[in-house]
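Spelled out, the chains give:
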Number of protein chains: 2
Amino acid sequence: MGKKVAGNLLIIGGAEDKKGDCAILKRFVELSGGKAGKLVIMTTATKEPEAVGKEYLQIFGRLGGGQIEILDLPSRMEAKGEKAVNIISEATGIFFTGGDQLRITSILGGTPVNEALARAYKNGVVIAGTSAGASAMSDTMIVEGDSDSAPRKNSLRMAPGLGLLEETVIDQHFAQRGRLGRLLAAVAHNPYVLGIGIDEDTAVVVGADARLDVIGSRTVTIVDGKEATYTNVSELEPDQNLALHGVRLHVIPAGYGFNLRNRQPLI
Amino acid sequence: MGKKVAGNLLIIGGAEDKKGDCAILKRFVELSGGKAGKLVIMTTATKEPEAVGKEYLQIFGRLGGGQIEILDLPSRMEAKGEKAVNIISEATGIFFTGGDQLRITSILGGTPVNEALARAYKNGVVIAGTSAGASAMSDTMIVEGDSDSAPRKNSLRMAPGLGLLEETVIDQHFAQRGRLGRLLAAVAHNPYVLGIGIDEDTAVVVGADARLDVIGSRTVTIVDGKEATYTNVSELEPDQNLALHGVRLHVIPAGYGFNLRNRQPLI
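Residues numbered from 1 in each chain as written. Chains lettered and ligands numbered in written order. Predicted model: local features only at pLDDT ≥ 70, side-chain atom pairs only at ≥ 80, totals over all residues. Heavy atoms only, no water.

An unreviewed UniProt entry lists chain A under the name Cyanophycinase, with Thermincola potens given as the organism. Database annotation for chain A, UniProt heading Catalytic activity (unreviewed entry): "[L-4-(L-arginin-2-N-yl)aspartate](n) + H2O = [L-4-(L-arginin-2-N-yl)aspartate](n-1) + L-4-(L-arginin-2-N-yl)aspartate". Looking at chain A in UniProt, the text filed under Function (unreviewed entry) is "Exopeptidase that catalyzes the hydrolytic cleavage of multi-L-arginyl-poly-L-aspartic acid (cyanophycin; a water-insoluble reserve polymer) into aspartate-arginine dipeptides." (UniProt positions renumbered as here; feature names shortened; annotations may be inferred.)

Spelled out as structure tokens, the structure:
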């Protein structure tokens, strides 16, 4: 796992507190250097970039952020611009809002901004994302799949993500939308990847040592299929149900961690 | 596991097909002896015993059931009556409708009808239950608990069930209502019990050999906490979140089975 992990990731399961003590968003501001930091809000995922961008701008300001900028890249043309690349290159913290993860990857994928992001991450810059912004972090991301439903192959669509957190599939709004089924289906496709289901108002902080720490008000569910003894995923007809035997599952609340390298929970 | 298992159980996750080929309800009629069978519909769980009872009466008739009777025991007084005991004693198949599982146990628990049920089961009579009727089957049953939520101790209420399927906790409407969290919380309390989460229009048939077979249109999720390495459940404050490490999870669709004795899935 994760020799590529160099910077810090803050991956949020959506619906993070924006009115109370804002523990998760505050952590982003702190990790990014606080008053000395240069925060960039990436609104590519959302179709309401102005409203969403402004809301985070105000919150990060209130939480003690230094220089804060909204970078709206609504199309691939903008994601090629030198100005955008410079903004990313100077950032100490980059925040992806929610929306549609496919907008993030289809607009940024393979562009100079994407390269700048990867460089920034390697240099230790904090990259955060909530909801769609969380899904986009993994190598392969879940694009679409039924919530509150039995695990099926058919209802699941996946696509290449930003690849910041290797060997994982991330899902968000996890318990609140009943997404165990789709995460299990994703893991069944290739148990090499670790499934990470993040609840609302909950986040994982991943450091350079491949250690994952949970913060926020709910839990993170980790699905490890490495020791799975059987799955029928390769033989399934459309609309047939998944069989998957022997998955290892961990429930991790705030204050606990997980070692992504050896896949062991930390107490 | 289960030296007490003698008869057949048919445990249904609720919302079983009542209009199409009725695969699950048909199985009940067949297991109970078809035309030669004496079916009893137990409506204790529901507050609309007449409507619910009549619906099943018609369906079981249409599916080839022989003698079919509705046994409505709305209070403990009725559950002491000799007539009710005789009806149970002559049945070849007994079906518990949905409603509130606490009505089943609080009305029947410790009564002559409950004893007659246990005797019937030991003699090989088929006992079926859907939704609340499914929950009531286990030793300890889930009475109440948040759906679509993170695993917490506080939101979960359990009570003694009918005890027909030992060493288990059964949950129903499982994927459709996002009930992983509450099943994990139940298992964390005592990993000796096996968590069985049954989807809607899905059922398990448990035979005298402690073999569980899945039928119906979705899946059964089995949560085995025996090898769990850690939980904080005994130290939790109200409203704190559960930690639970190293649970084994199996997804079992129709056509597959599970050995309850050694807790291994069957292919």
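### A closer look at the overall build of chain A
Regarding its fold elements, chain A presents seven helices and 16 strands. On C-alpha atoms alone, chain A measures out to a radius of gyration of 18 Å, which is about the 18 Å that the 2.2 N^0.38 rule sets for 267 residues. Overall, chain A is about 50 × 40 × 35 Å in size when its C-alpha atoms are taken along their principal axes. The proportion of buried residues among the 267 residues of chain A is 60%. When contacts within chain A are restricted to residue pairs at least 6 apart in sequence, long-range pairs at least 24 apart make up 74% of them. Carbon and sulfur atoms provide 47% of the accessible area of chain A, an area that totals close to 10000 Å². Charge separation in chain A, taken as the distance between the mean sites of 29 positive and 31 negative side-chain charges, equals 3 Å. (Helix = DSSP H or I, 4+ residues; strand = E, 2+ residues; numbered from the N terminus. Rg over C-alpha atoms; globule rule 2.2 N^0.38 Å. Buried < 20%, exposed > 50% of the residue type's maximum accessible area, 1.4 Å probe, protein only. Contact = heavy atoms within 4.5 Å. Areas by Shrake-Rupley, 256 points an atom, 1.4 Å probe, with all protein chains shown as cover. Lys, Arg positive; Asp, Glu negative; His and termini not counted. Charge placed at Lys NZ, Arg CZ, Asp CG, Glu CD.)

### A word on the pairing of strand S3 (residues 67–71) of chain B
Residue and element names in this part refer to chain B. Relative to S3, strand S2 (residues 38–42) is paired through five bridges, and the arrangement is parallel. Opposite Met 42, over in S3, you have Leu 71 as the bridge partner. Since S2 and S3 lie parallel, the crossover through helix H2 (residues 49–62) that links them has a hand, and here it is right-handed. (Pairing = 2+ DSSP bridges. Right-handed = clockwise from strand over helix to strand, strands pointing away.)

### Structural notes on the relation of the copies chain A and chain B
For these two chains of identical sequence, chain A goes onto chain B by a turn of 180° and a shift of 0.0 Å along the axis, with RMSD 0.0 Å. Between the two chains, the operation in question is that of a two-fold axis. Closest approach to the rotation axis within chain A is made by the C-alpha atom of Gly 178 of chain A, at a distance of 2.0 Å. (Least-squares fit on C-alpha atoms with pLDDT ≥ 70 in both.)

### Quick word on the interface of chain A and chain B
When the parts of a complex come together, some accessible area is lost, and that lost area is often taken as the interface size. Facing 35 residues of chain A, the contacting portion of chain B comprises 35 residues. Contact between chain A and chain B buries roughly 2900 Å² in total, counting both sides, with carbon and sulfur atoms accounting for 56%. Across the contact surface, chain A and chain B share two salt bridges. Between Glu 227 of chain B and Arg 248 of chain A there is a salt bridge; the shortest N-O distance is 3.2 Å. Between the two partners, chain A and chain B, sit 22 residue pairs in polar contact (both at pLDDT 80 or more). Those elements that place two or more of their residues in the side of chain A that touches chain B are helix H7 (180–189), strand S14 (244–253) and strand S16 (264–266) of chain A. With 10 residues, S14 of chain A is the largest single contributor of residues to the side of chain A that touches chain B. (Buried area = accessible area lost by both parts, 1.4 Å probe. Salt bridge = Lys/Arg side-chain N within 4 Å of Asp/Glu carboxyl O. Polar contact = N/O pair within 3.5 Å; in protein donor to acceptor, adjacent residues only side chain to side chain.)

### Focus: the UniProt feature "active site" (unreviewed entry) in chain A
Residue and element names in this part refer to chain A. Within this structure's numbering, the places UniProt gives as "active site" (unreviewed entry) are Ser 131, His 173 and Glu 200. Sequence-wise these annotated residues cover 70 residues; spatially they are packed, their C-alpha atoms never more than 8.5 Å apart. Its relative accessible area of 14% is what places Ser 131 among the buried residues. Contacts of Ser 131, omitting those with residues within four sequence positions, involve Ile 12, Gly 13, Gly 14, Gly 98, Gln 172 and His 173. Note on Glu 200: relative accessible area 16%, which makes it buried. Among all residues touching Glu 200, those that are not within four sequence positions of it are Gly 13, Gly 14, Ala 15, His 173, Gln 176, Arg 177, Ser 217 and Arg 218.

### What to know about the sheet that holds S16 of chain A
All names here are of chain A. The strand order S3-S2-S4-S5-S1-S10-S11-S15-S16 describes an open sheet built from nine strands, whose pairing is mixed. Edge strands, defined here as strands with exactly one partner in the open sheet, are strand S3 (67–71) and S16. Neighbour to neighbour, the strand axes of the sheet diverge by 20° on average, direction disregarded. Relative to strand S5 (residues 126–130), strand S4 (residues 93–96) runs parallel, the two being bridged by four bridges. Bridging across to S5, Ile 94 finds its partner in Ile 127. Contacts between helix H5 (residues 112–122) and the sheet are confined to strand S1 (8–12), strand S2 (38–42), S4 and S5, with S4 contributing the most and set at about 125° to the helix. (Axes fitted to C-alpha atoms, helices over the stretch in contact; angles between N-to-C directions.)

### Observations concerning the packing of helix H3 (residues 82–90) of chain A against H5 of chain A
All names here are of chain A. Contact geometry of H3 with H5 gives a least axis separation of 9 Å together with a crossing angle of 10°. Classified by the angle between their axes, H3 and H5 sit roughly parallel to one another. Taken together, the residues of H5 that come into contact with H3 (itself represented by Ala 84, Val 85, Ile 88 and Ser 89) are Pro 112, Val 113, Ala 116, Leu 117, Arg 119 and Ala 120. (Parallel < 35°, antiparallel > 145°, perpendicular 65-115°, else oblique.)

### A short note on the layout of surface pockets
Here the largest pocket defines a volume of roughly 160 Å³. For the largest pocket, the full set of lining residues is Asn 232, Glu 235, Leu 236, Asp 239, Gln 240 and Asn 241 of chain A together with Pro 253, Ala 254 and Tyr 256 of chain B. Looking at the lining of the largest pocket residue by residue, the class counts come to four nonpolar, three polar and two charged. (1 Å grid on protein atoms, 1.4 Å probe; cavity = no way out; pocket = protein on both sides within 12 Å on 5 of 7 lines; lining within 4 Å. Points joined across faces, edges and corners; volume = space filled by probe spheres on them. Nonpolar A, V, L, I, M, F, W, Y, C, P; charged D, E, K, R; others polar.)

### Remarks on the environment of Gly 98 of chain B
Residues and elements named next belong to chain B. As for its placement among the helices and strands, Gly 98 is situated in the loop between strand S4 (93–96) and helix H4 (101–108). Separated by 83 residues in the primary sequence, Gly 98 and Gly 181 have C-alpha atoms spaced 22 Å apart. In this view, Gly 98 contacts Ala 45, Thr 46, Thr 130, Ser 131, Ala 132 and Gly 133; residues no more than four positions away in its chain are not counted.

### Some words on helix H2 (residues 49–62) of chain A
All names here are of chain A. Over its 14 residues, H2 runs 20 Å from end to end, which matches the ideal 20 Å to within 8%, given 1.5 Å per residue. Where H2 is concerned, the buried positions are Val 52, Gly 53, Tyr 56, Ile 59 and Phe 60. Each buried residue of H2 sits inside an arc of 130° when the element is viewed along its axis, so together they form one side. Looking at H2, the residues exposed on the side facing more than 90 degrees away from the buried face are Glu 50, Ala 51, Gln 58 and Arg 62. Each element contacted by the buried residues of H2 is listed here: helix H1 (23–31), S2, S3, S4 and S5. Once H2 finishes, Gly 64 follows within two positions and takes phi at roughly 95°, a positive value. (Expected span 1.5 Å × (residues − 1). Arc of directions from axis to C-beta.)

### A few points about the pairing of strand S8 (residues 168–171) of chain A
Along any regular strand, the residues point their side chains to alternate faces of the sheet. Residues and elements named next belong to chain A. Of the two faces of S8, the one holding Thr 168 and Ile 170 and the one holding Val 169 and Asp 171 are both buried throughout. Examined bridge by bridge, S8 and strand S9 (residues 194–198) share four bridges and lie parallel to one another. Within S9, the residue paired with Ile 170 across the bridge is Ile 196. As a crossover connection, the stretch from S8 through H7 into S9 is right-handed.

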